[in-house]
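# Per-entry structural report
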Amino acid sequence: MSPDVDLTAPTPGPHPVRNGLLRLDQRVFEAVAARHWPGADPLLPRLSRSANHGVLWFAAAAALAAARTPRSRRAAVRGLASLSLASLTINTLGKRSVRRPRPVLDPVPLVRQLKRQPITTSFPSGHAASAAAFATGVALESPAWGAAVAPVAAAVALSRVYTGVHFPSDVLAGAALGAGAAFAVRGMVPTRAQLIPPARPRADVPALPQGEGLVMVANIASGTADRVRALCDALPAAEVVECEPGDVGAELEKAAGRARVLGVCGGDGTVNAAAEIALRHGVPLAVLPGGTLNHFAYDLGVEDVRDLCRALEGGEGVRVDVGRFASGAQRGIFLNTFSLGVYPELVREREHWSPRIGGWPAGVLAAVRVLRADRHPLEAEVQGRRRPLWMLFAGNGTYHRMGLAPGRRLDLADGQLDIRVVHGGRRPALRLLSAALAGPLTRSPAHAAVQVGRLRLTGVAPGTLLAYDGEITETQGDLTLEKLPEALTVYRPLTGNRPVRHVS
């Protein structure tokens, strides 16, 4: 016998706290099995099966996306991203860390039991994790949609105990992991509610009860019919003019001459035309997003008819900067971006294919075609140095990025042009990709970014393509970019009671 063994020492026994929790878990499981829930026997087992492999949540995401509002689409994407992270965590770590056997089915009535019993370990519940992840992800982006999804998610989680495939603690642990996954996704890709704009220069704009004094010009080619109908219902005193793309400029000019407030519904190109006319006539602008991207409206904080109506009826508006470019006798403004080089060619290709295959597929095809083509970088003199450039991008305001989210502007009146340059080289695709993934203000041999109030480019060959707010034209030689600080007055809902700078 080994002299190191102490026969008088007490042998380790079961942990009393852990055993108590296990007994409580078993008692709750048996209590659920013994209780009759009216209507639950036919419903909960079917609901539990529908959530297998996430089918229920993919269907819910499709329903959210079908609502055709930016908020609902973002909620659907965030819900699926949260679900994916939760499933990955459960299947790679959770199930392998605690190999707990499934409950014994003896106390569970046969009518409740699933026809196919799961064979994986019991802890934690993957169904509960997926349900909580999807519901929490949706709620973080849209509390209203989250409230609609939450009862279904709770029922799925309950069904796992009701059908006898999980102990209550399995479900609670799975739900906690699922909610944690949703918050982890929010840490990587913040919600719009997290990106709160700073105080902006507030403008005195007229309140328009029921829209009286508003003339809204809608580009019908942008698919604006649903939003125009919703606007007419919400603001019955507003005048709405629907027109073809070729008539938008003329209708905007006529509307600005008789409107107290000029409204526009369309994509970024249509909004650009309206902004130029509003500046010339000195009238406030009301923007209702109606295109594919709607960068200006979304960065402004107007996503749908409800947002715009709240601003119009409450008399809530701000002043924003406008970018301006000049090349020879050519003049123009941009509310979002201006670019030279590869991007204008990409836009031209996208516009060529978009009517045939749709916007997003056309964008992918255009990128492939442009990056694969045999081409040479443009030549320009920037800040006293002549250099080859694959692309020059100028943003009307600084673009920020948090986590993995795409860049967006938090302040449309910061007085800055956000200049990004991708230097020339033999591998444009690699350089453009590295610039896209880099932070807002970076420098490298391949790309650079600076903030300036004015920029002049000389040595630009006449006929070089340029793009501004999605529109394409050609340069007439040297270029000058500058800011018009707080030049445009626009309606936007002022959220909360955050203080704002007042501008007389």
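Rules used throughout
Within every chain, residues take consecutive numbers counted from 1 along the sequence as written. Selection of residues for local features in this predicted model requires a pLDDT of at least 70, selection of side-chain atom pairs for listing and counting requires 80 or more, and totals for whole chains, interfaces and linings are taken over all residues. Calculated side-chain values reflect all of the structure's heavy atoms, with hydrogen atoms and water omitted. Under the pairing criterion, centres of Phe, Tyr and Trp rings, with the six-membered ring standing for Trp, must be within 6.5 Å; the plane angle then separates stacked pairs below 30 degrees from edge-to-face pairs above 60, leaving the rest tilted. A run of H or I in DSSP becomes a helix once it reaches four residues, and a run of E becomes a strand once it reaches two; helices and strands are each numbered from the N terminus. Only protein chains enter the accessibility calculation, which uses a 1.4 Å probe; a residue whose area is less than 20% of its type maximum is buried, one above 50% is exposed, and one in between is partly exposed. Residues are treated as being in contact if the distance between any of their heavy atoms lies within 4.5 Å. Any Lys or Arg side-chain nitrogen located within 4 Å of an Asp or Glu carboxyl oxygen qualifies as a salt bridge. Identification of polar contacts relies on pairs of N or O atoms within 3.5 Å, with a donor-acceptor requirement for protein atoms, meaning one able to donate a hydrogen and the other able to accept it, and with residues adjacent in sequence counted only if both atoms are side-chain atoms. For helices, the fitted line uses only the C-alpha atoms of the stretch in contact; every axis is such a line through C-alpha atoms, and the angle between N-to-C directions lies from 0 to 180 degrees. Put simply, a crossing is left-handed when the front helix is turned counterclockwise from the back one by less than a right angle, and right-handed when it is turned clockwise. Polar here means any residue other than Ala, Val, Leu, Ile, Met, Phe, Trp, Tyr, Cys and Pro, which are nonpolar, and Asp, Glu, Lys and Arg, which are charged; Gly is therefore polar. Residues belong to one nonpolar core when they are buried, are Ala, Val, Leu, Ile, Met, Phe, Trp, Tyr or Cys, and are joined through side-chain atoms within 4.5 Å. The rule is simple: put a 1 Å grid over the protein atoms alone, call a set of points where a 1.4 Å probe fits but cannot get out a cavity, call an open set with protein on both sides within 12 Å along at least five of seven lines a pocket, and count a residue as lining if it has an atom within 4 Å of a point. Grid points are joined across faces, edges and corners, and a volume is the space filled by probe spheres set on the points. Grouping into patches uses exposed residues only, defined as over 30% relative accessible area, and leaves out salt-bridged ones; the cut-off is 9 Å for like charges and 5 Å for nonpolar side chains (Val, Leu, Ile, Met, Phe, Trp, Tyr). We get accessible surface area from the Shrake-Rupley algorithm with a probe of 1.4 Å; when it comes to residues, only the shown protein chains can shield them. An expected span of 1.5 Å times one less than the residue number is assigned to each helix.

Applying the stated rule across the entire model yields six aromatic pairs. An angle of 50° between the planes, with centres 5.1 Å apart, marks the rings of Phe325 and Tyr468 as tilted. Placement of the pair is Phe325 in strand 6 (residues 316–327) and Tyr468 in strand 16 (residues 465–468), with a sequence separation of 143 residues. Here Phe325 falls in the buried class, since its relative accessible area comes to 1%. Look at Phe393 and Tyr399: their rings are 5.8 Å apart centre to centre, the planes differ by 70°, and that puts the pair in the edge-to-face class. Taken as a pair, Phe393 and Tyr399 share a single burial class, namely buried.

Okay, the environment of Pro45 next. Note that Pro45 resides in helix 2 (residues 40–50). Between the C-alpha atoms of Pro45 and Ser159, which are 114 residues apart in sequence, the distance is 6.5 Å. Excluding its chain neighbours within four sequence positions, the residues that come into contact with Pro45 are Ala40, Val111, Arg112, Leu114 and Thr163.

A word on the pattern of salt bridges. Two side chains carrying opposite charge are able to pair once their charged atoms lie near each other. Under the criterion given, the structure shown has 18 salt bridges. Residue Glu303 is joined to Arg74 by a salt bridge in which the shortest nitrogen-to-oxygen separation is 2.9 Å. Residue Glu303 is located in the loop between helix 11 (295–300) and helix 12 (305–314), and its partner Arg74 is located in helix 4 (residues 70–97); the two are separated by 229 residues in the primary sequence. Exposure class is identical for Glu303 and Arg74. Each is buried. A single network of salt bridges, built from pairs that share partners, joins Arg71, Arg74, Arg78, Glu141, Glu303, Asp304 and Arg306.

Attention now moves to the environment of Ser169. Considering the arrangement of structural elements, one finds Ser169 in helix 7 (residues 168–188). The exposure class of Ser169 is partly exposed, given its relative accessible area of 24%. Sequence-wise, Ser169 and Phe29 are 140 residues apart; in three dimensions their C-alpha atoms are separated by 9.5 Å. Polar contacts involving the side chain of Ser169 include one to the side chain of Arg100, which spans 2.8 Å.

To continue, consider unusual backbone geometry. For His53, which is not glycine, the phi torsion reads 60° and is therefore positive. One can find His53 in the loop between helix 2 and helix 3 (55–66). On the accessibility criterion, His53 (78% relative accessible area) is exposed. Positive phi is not limited to glycine here, since Glu486 has a value of about 50°. Among the structural elements, Glu486 can be located in strand 18 (residues 479–491).

The next thing to look at is the packing of helix 5 (residues 126–141) against helix 7. The interhelical angle for the contact between helix 5 and helix 7, taken along N-to-C directions, is 35°, at an axis separation of 7 Å. The chirality of how helix 5 crosses helix 7 is right-handed. Across the interface between the two elements, Ala128, Ala129, Ala132, Ala133, Thr136, Gly137 and Leu140 from helix 5 touch Val171, Gly174, Ala175, Gly178, Ala179, Ala182, Phe183 and Arg186 from helix 7. Split by residue class, the contact of helix 5 with helix 7 holds ten nonpolar, four polar and one charged.

Of all hydrophobic cores here, the largest spans 53 residues; its most connected members are Leu214, Leu262, Leu285, Phe296, Leu312, Leu488 and Tyr491. Membership of the second largest hydrophobic core comes to 28 residues, among which are Leu56, Ala61, Ala128 and Ala153.

Here we take up the layout of surface pockets. One number sums up the size of the second largest pocket: a volume of about 670 Å³. As for the second largest pocket, its lining consists of 23 residues, of which Asn52, His53, Pro118, His127 and Arg160 are closest to the centre. The element best represented in the lining of the second largest pocket is helix 4, accounting for five residues. Looking at the lining of the second largest pocket, its residues break down into six nonpolar, eleven polar and six charged.

Quick look at a nonpolar patch on the surface now. Nonpolar side chains collect at one region of the surface, where Leu21, Leu24 and Val28 lie side by side and expose about 250 Å² of accessible area between them. Here Val28 falls in the partly exposed class, since its relative accessible area comes to 33%.

Moving on to helix 10 (residues 268–281). An ideal rise of 1.5 Å per residue puts 20 Å on 14 residues; helix 10 measures up with 20 Å between its terminal C-alpha atoms. Those residues of helix 10 that sit buried are Asp268, Gly269, Thr270, Val271, Asn272, Ala274, Ala275, Ile277 and Ala278. Among the residues trailing helix 10, Gly282 stands out with phi positive, at a value near 70°.

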